[in-house]
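# Structural characterization, general
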Amino acid sequence: MDMQTSFLDRLFEAGLLIDTGIDGLYGRSGQFEEVIAAFERLIDKVGGGDGAEAMRFPPGMNRAFFEKSGYMKSFPQLAGTVHSFCGSELDHVSLLQCMEVGEDWTKGQEATDIVLTPAACYPLYPTVAKRGNLPKTGGLFDLQSYCFRHEPSKDPARQQLFRMREYVCMGTEEHVTDFRQRWMDRGVEMMKAVGLDVTIDIANDPFFGRAGKMLANNQRDQNLKFELLIPITSAANPTACMSFNYHQDAFGSKWGLNLEDGSVAHTACVGFGLERIALALFHHHGLEVKEWPANVRKALWG
Ligand code: ATP
Ligand code: ZN
Ligand code: MG
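Our subject in this report is the structure included herewith. The structure displayed is predicted, hence computed values, not measured ones. Note that residues are indexed from 1 along each chain, following the sequence as it is written. Whichever chain is written first becomes A and whichever ligand is written first becomes 1, with later ones labelled in order. Selection of residues for local features in this predicted model requires a pLDDT of at least 70, selection of side-chain atom pairs for listing and counting requires 80 or more, and totals for whole chains, interfaces and linings are taken over all residues. Derived side-chain values reflect all non-hydrogen atoms in the structure, with water molecules and hydrogen atoms excluded from consideration.

### A look at the overall build of the protein chain
Numbering of helices and strands runs from the N terminus; a helix is a DSSP stretch of H or I covering at least four residues, while a strand is a stretch of E covering at least two. Each helix and strand in the protein chain was counted, giving eleven helices and twelve strands. The C-alpha atoms of the protein chain give 21 Å as radius of gyration, which agrees with the globular expectation for 302 residues (19 Å, within 12%). Overall, the C-alpha framework of the protein chain stretches about 60 × 55 × 35 Å when taken along its three principal axes. Only protein chains enter the accessibility calculation, which uses a 1.4 Å probe; a residue is then buried when its area is under 20% of its type maximum, exposed when over 50%, and partly exposed in between. In the protein chain, which comprises 302 residues, the share counted as buried stands at 45%. The long-range fraction of contacts in the protein chain, counting pairs at least 24 apart against all pairs at least 6 apart in sequence, stands at 69%. Just so you have it, the protein chain exposes about 15200 Å², and 53% of that area is on carbon and sulfur atoms. Charge convention: Lys and Arg are scored as positive, Asp and Glu as negative, and His as well as the terminal groups of each chain are ignored. A single reference atom marks each charge: NZ on Lys, CZ on Arg, CG on Asp, CD on Glu. Of note, the protein chain has its 30 positive side-chain charges centred 4 Å away from the centre of its 39 negative side-chain charges. The atom set for the radius of gyration is the C-alpha atoms, and the globule formula is 2.2 Å times the number of residues raised to the power 0.38. For this analysis, residues touch if any pair of their heavy atoms sits within 4.5 Å. For every accessible area listed, the method is Shrake-Rupley and the probe measures 1.4 Å; residues are considered covered only by the protein chains on display.

Dropping the structure here:
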């Protein structure tokens, strides 16, 4: 049995994650949720003084916005769409017949106007663009959403539906890169406070296909993405528990996000992988929260 299977099995046995029969789709116990809630309160405490505007979107987004985002150009392999039955009573009869004989009943499903949210910040950009120019102080937003990515895996840290807490900053290049650096420093401090050893490394997104290799190299060469890594399932390949992304003016020009003086806004986002952080805590401090080191419990529960 490899390491990954055994950590996942131990999480199932402890009841922290609940098997649904699908890799990467898990229920979570009350205890698991309490750890996430406590860590989110820590995030609130650290980020609370910045005056971010909080918004919460459901885990589905407007398909037209998703199409405009260009997600299908970069990550078609990860996307999830919502389809529904839109037929007549006659169609319904053949649908049921199809299910009865075990044929593919999903072929007749039609695309709805909703797709699953791939990252918490995707619904934000068109929302802010609709308001008109950003104020002189720029924009700062606090988001949290379940996100979907079609990447089934036995690694409990790679789920298909997971929560991402994000801060998104809009403003000048200097403003948003300062924001990103501040959260890199804060992220390291926060993880230290809960007893987790981290490294920060340069990273790239998994752009699809051969052309994607060039996009990934470009992203690395320009220091656009950093990750905060914590060993969970493998010491050799630690897991990204936070990401720090600088989009330059790519989203600003795509969505028409402008500053008060009419110039195109630069944007950056910082994401916490909430399940991954909880899993890192369980991996390092054990599956019994009441046995965690006192300083870690104090940092999380006061
Ligand atoms: P990875 O390199 O591990 O695939 P990523 O680069 O795709 O991660 P981002 O797209 O930057 O991650 O997403 C922001 C954060 O969401 C990550 O730092 C991570 O903590 C979390 N995350 C990403 N994908 C998953 C997943 N499949 N399951 C759980 N958490 C995830
Ligand atoms: Zn983001
Ligand atoms: Mg990924």
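### Points about the side chain of Asp155
As for its position among the elements, Asp155 is in the loop between β7 (139-148) and β8 (161-171). Look at Asp155: it is buried, it has no salt bridge, and the nearest opposite charge is Arg158 at 5.2 Å. Polar contact is the term for a pair of N or O atoms within 3.5 Å; when the atoms are in protein, one must be able to donate a hydrogen and the other to accept it, and sequence-neighboring residues count only if both atoms are side-chain atoms. Within polar-contact distance, the side chain of Asp155 engages the backbone nitrogen of Ala157 at 2.8 Å. Any Lys or Arg side-chain nitrogen found within 4 Å of a carboxyl oxygen on Asp or Glu counts as a salt bridge.

### Considering the site of ligand 1
Here a residue is near a molecule or strand as soon as one of its heavy atoms is found within 4 Å of it. Around ligand 1 lies a shell of 15 residues, among which Arg149, Glu151, Gln159, Lys225 and Ser243 are the nearest. Separating an oxygen atom of ligand 1 from a backbone N or O atom of Ala240 is a distance of 2.9 Å. In the environment of ligand 1, an oxygen atom lies 2.6 Å from a nitrogen or oxygen atom belonging to the side chain of Ser243. When ligand 1 sits alone it has 590 Å² of accessible area, and the protein chains cover 90% of it. Elements that contribute at least two residues to the shell around ligand 1 include exactly β8, β10 (225-230) and β11 (239-246).

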